[in-house]
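Chain by chain, the residues run as shown.
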Amino acid sequence: MAKGRLTPAKIMQLGTGFWGSKTLLSAIELGLFTELAKGPIDGAALTKRLQLHPRSARDFFDALVALGMLKRTGSRYANTAETSLFLDRAKASYVGGILEMCNARLYRFWGSLTEGLRTGKAQNEVKTGEDFFGTLYADPQRLEGFLKAMTGLSIGPAQVIAKKFPWKKYRTFVDVGCAQGGVAVEIALAHKHLMGGGMDLPVVQPVFEAYVKARGVAQRLRFHSGSFFKDPLPKCDVIVMGHILHDWNLEEKIMLLRKAYDVLPPGGAVIIHEALIDDARKQNAFGLLMSLNMLIETHGGFDFTGADCRKWMKDVGFKRTQVARLIGPDGMVVGYK
Ligand SMILES: C[S@@+](CC[C@H](N)C(=O)[O-])C[C@H]1O[C@@H](n2cnc3c(N)ncnc32)[C@H](O)[C@@H]1O
């Protein structure tokens, strides 16, 4: 491109991207979209309802209009079709859990990204030397917030896993590191013949049980309490692990794949789903940024490509492996024993 035509617009947009991001995150924190889901409302009334200062409110609302997150007709504000469906806390389709966590934790921790890049060290609560999940889960509110956030992150990919994987050939499955149970529930709802469950740390059990009950599948999904480092994985036909391998270093990743291999019957399968980085490592910016997020959040975790995962699966003995795209940045790697 001729030099005269170059503009810094893309650079400036990315560089100031956190302004828009934080505006959306604050709107979610304030419950703006949940409020507007009750019906369009005049700016002055909305300011009062959210207890905002009059100096900030108009720019805040109109910035969200300009960012495509709200609509305004005259002085009345309304949700867009997307914010109404996905950011109203009262709807089952709410995906704000992960964004609530971005607001409450990650926004701050990403402020130390440069330090993380220089030291290779996590920049979250573990800076004080404790382990990530132990520290996160010590506070019941943070625990529930994180587990719910995982459902927000995984519900879309889970619906595609429920469609794309040949579930009819199998009878049992366990989602290892299941969090609230978001993935297991979507699979169970789509395939009534399946019995299954979720395995996670003991502290997760009540949150999982409440969620599967609320979604009407408690009869078919049970909780397996344990640690995938200390305990064997539950025996079943299909093991699912979503956003698990990326939390751990290479040795730990391979150990988890080996544990899955050991417990599966011949013909059984492991499904790994993550924000899979494209094999050329040039396109899936979300996957690559997720890997930097693992730098912020964990001691040795990193995201990986489909080709990386297929190689690890082959190394532990899986006979056949396959990569499939799910939605957005997400993909799955399936290994058949
Ligand atoms: C990043 S979340 C992924 C949740 C879910 N699979 C998903 O994709 O939405 C990681 C999960 O691993 C669980 N976990 C961490 N350490 C574990 C361990 N040692 N044993 C079992 N589960 C563990 C956490 O409690 C958490 O639910």
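Thresholds applied
- Here, residues in each chain are numbered from 1, in the same order as that chain's written sequence.
- Thresholds applied to this predicted model are a pLDDT of at least 70 for local features of residues and 80 or more for the giving and counting of side-chain atom pairs; totals over whole chains, interfaces and linings are not thresholded and use all residues.
- Only hydrogens and water are set aside; all other atoms, that is, all heavy atoms of the structure, feed into the side-chain values.
- Secondary structure follows DSSP: runs of H or I at least 4 residues long count as helices, runs of E at least 2 residues long count as strands, and numbering of each begins at the N terminus.
- Values of the radius of gyration come from C-alpha atoms, whereas the globule rule sets the reference at 2.2 Å times the count of residues to the power 0.38.
- Partly exposed describes any residue whose relative accessible area lies between the buried limit of under 20% and the exposed limit of over 50%, with all areas from a 1.4 Å probe on protein chains only and scaled to the type maximum.
- Note on contacts: a residue pair is in contact if any heavy atoms of the two residues lie within 4.5 Å.
- His residues and chain termini do not enter the charge count, which takes Lys and Arg as positive and Asp and Glu as negative.
- Each charge is placed at NZ for Lys, CZ for Arg, CG for Asp and CD for Glu.
- Put simply, buried Ala, Val, Leu, Ile, Met, Phe, Trp, Tyr and Cys residues joined by side-chain atoms within 4.5 Å make one nonpolar core.
- When DSSP finds at least two bridges between two strands, those strands are taken to pair.
- Only the stretch in contact is used when a helix axis is fitted, and all axes are lines through C-alpha atoms; the angle between N-to-C directions ranges over 0 to 180 degrees.
- Being near a molecule or strand, for a residue, means having at least one of its heavy atoms within 4 Å of it.
- N or O atoms closer than or at 3.5 Å make up a polar contact, with two conditions inside protein: a donor-capable atom paired with an acceptor-capable one, and, for residues adjacent in sequence, both atoms drawn from side chains.
- For the accessible areas, the method is Shrake-Rupley and the probe is 1.4 Å, while residue cover comes only from the protein chains on display.
- Note on residue classes: Ala, Val, Leu, Ile, Met, Phe, Trp, Tyr, Cys and Pro are nonpolar, Asp, Glu, Lys and Arg are charged, and everything else, Gly too, is polar.
- A domain assignment, automatic or from a database, supplies the domain bounds used here.
- Buried area is understood as the total, over both parts, of accessible area removed when two parts are fitted together, assessed with a 1.4 Å probe.
- Here, a salt bridge means any Lys or Arg side-chain nitrogen found within 4 Å of an Asp or Glu carboxyl oxygen.

**Considerations on the overall build of the protein chain**
Reasoning step 1: Along the backbone of the protein chain there are 15 helices and 10 strands.
Reasoning step 2: What you see for the protein chain is a C-alpha radius of gyration of 22 Å, in line with the 20 Å of a compact globule of 337 residues.
Reasoning step 3: C-alpha extents for the protein chain along the principal axes are approximately 65 × 55 × 40 Å.
Reasoning step 4: Counting only residues that meet the buried cut, the protein chain has 51% of its 337 residues in that class.
Reasoning step 5: Sequence-distant contacts in the protein chain: of pairs separated by 6 or more residues, those separated by 24 or more amount to 67%.
Reasoning step 6: Put simply, the protein chain has 45 plus and 32 minus side-chain charges, and the middle of one group is 6 Å from the middle of the other.

**Focus: the nonpolar core**
It is characteristic of soluble globular proteins that their nonpolar side chains tend to be buried jointly.
Reasoning step 1: With 77 residues, the main nonpolar core has W167, I239, M241 and I272 as its most contacted residues.
Reasoning step 2: If one sorts the elements of this core by residue count, helix α10 (residues 140-164) sits on top with 11 residues.
Reasoning step 3: In this view, I272 contacts M241, L245, L257, F304, C309, M313, G331, M332 and V333; residues no more than four positions away in its chain are not counted.
Reasoning step 4: The next biggest cluster of nonpolar side chains, apart from the first, holds 18 residues, and it includes I28, L50, Y77 and Y94.

**Let's talk about the sheet that holds strand β7 (residues 238-242)**
Reasoning step 1: Here seven strands make up an open sheet; going across it, the order is β6-β5-β4-β7-β8-β10-β9 and the pairing mixed. The strands lining the two open edges of the sheet, one partner per strand, are β6 (221-225) and β9 (320-325). Across the sheet, the mean angle separating the axes of adjacent strands is 20 degrees when strand polarity is ignored.
Reasoning step 2: Running over the sheet, helix α13 (residues 250-263) touches β7 and β8 (269-274) and is turned about 165 degrees from β7.

**Examining the site of the ligand**
Reasoning step 1: Lining the immediate environment of the ligand, one finds 19 residues, of which Y137, S154, G177, D200 and H243 sit closest.
Reasoning step 2: Within the side chain of S227, an N or O atom sits 3.0 Å from a nitrogen atom of the ligand.
Reasoning step 3: One of the side-chain N or O atoms of H243 is found 2.7 Å from an oxygen atom in the ligand.
Reasoning step 4: A total of 600 Å² of accessible area belongs to the ligand in isolation, and the protein chains cover 96% of it.
Reasoning step 5: Breaking the shell around the ligand down by element, the ones donating at least two residues are α9 (132-137) and α10.
Reasoning step 6: Element by element, the count of residues in the shell around the ligand is highest for α10, at three residues.
Reasoning step 7: Counted by class, the shell around the ligand contains 10 nonpolar, seven polar and two charged residues.

**What to know about unusual backbone geometry**
Reasoning step 1: With a phi angle near 55 degrees, A179 is a residue other than glycine that sits in the positive phi range.
Reasoning step 2: Topologically, A179 is positioned in the loop between β4 (172-176) and α11 (182-190).
Reasoning step 3: For H243, which is not glycine, the phi torsion reads 55 degrees and is therefore positive.
Reasoning step 4: Note on placement: H243 falls in the loop between β7 and α13.

**Some remarks on the domain arrangement of the protein chain**
Reasoning step 1: By the assigned domains, the protein chain splits into domain 1 (9-86) and domain 2 (96-336).
Reasoning step 2: Listed as interface residues are seven residues of domain 1 and, on the opposing side, six residues of domain 2.
Reasoning step 3: For the domain 1 and domain 2 pair, buried surface summed over both sides reaches about 580 Å², with 67% attributable to carbon and sulfur atoms.
Reasoning step 4: The largest share of the area that domain 1 buries against domain 2 comes from K22, L25 and I28, three residues that together contribute 72% of it.
Reasoning step 5: On the surface where domain 1 and domain 2 come into contact, there are zero salt bridges.
Reasoning step 6: The interface formed by domain 1 and domain 2 holds two residue pairs in polar contact (both at pLDDT 80 or more) in total.
Reasoning step 7: In terms of residue count, the dominant contributor to the side of domain 1 that touches domain 2 is helix α2 (residues 17-30) (six residues).

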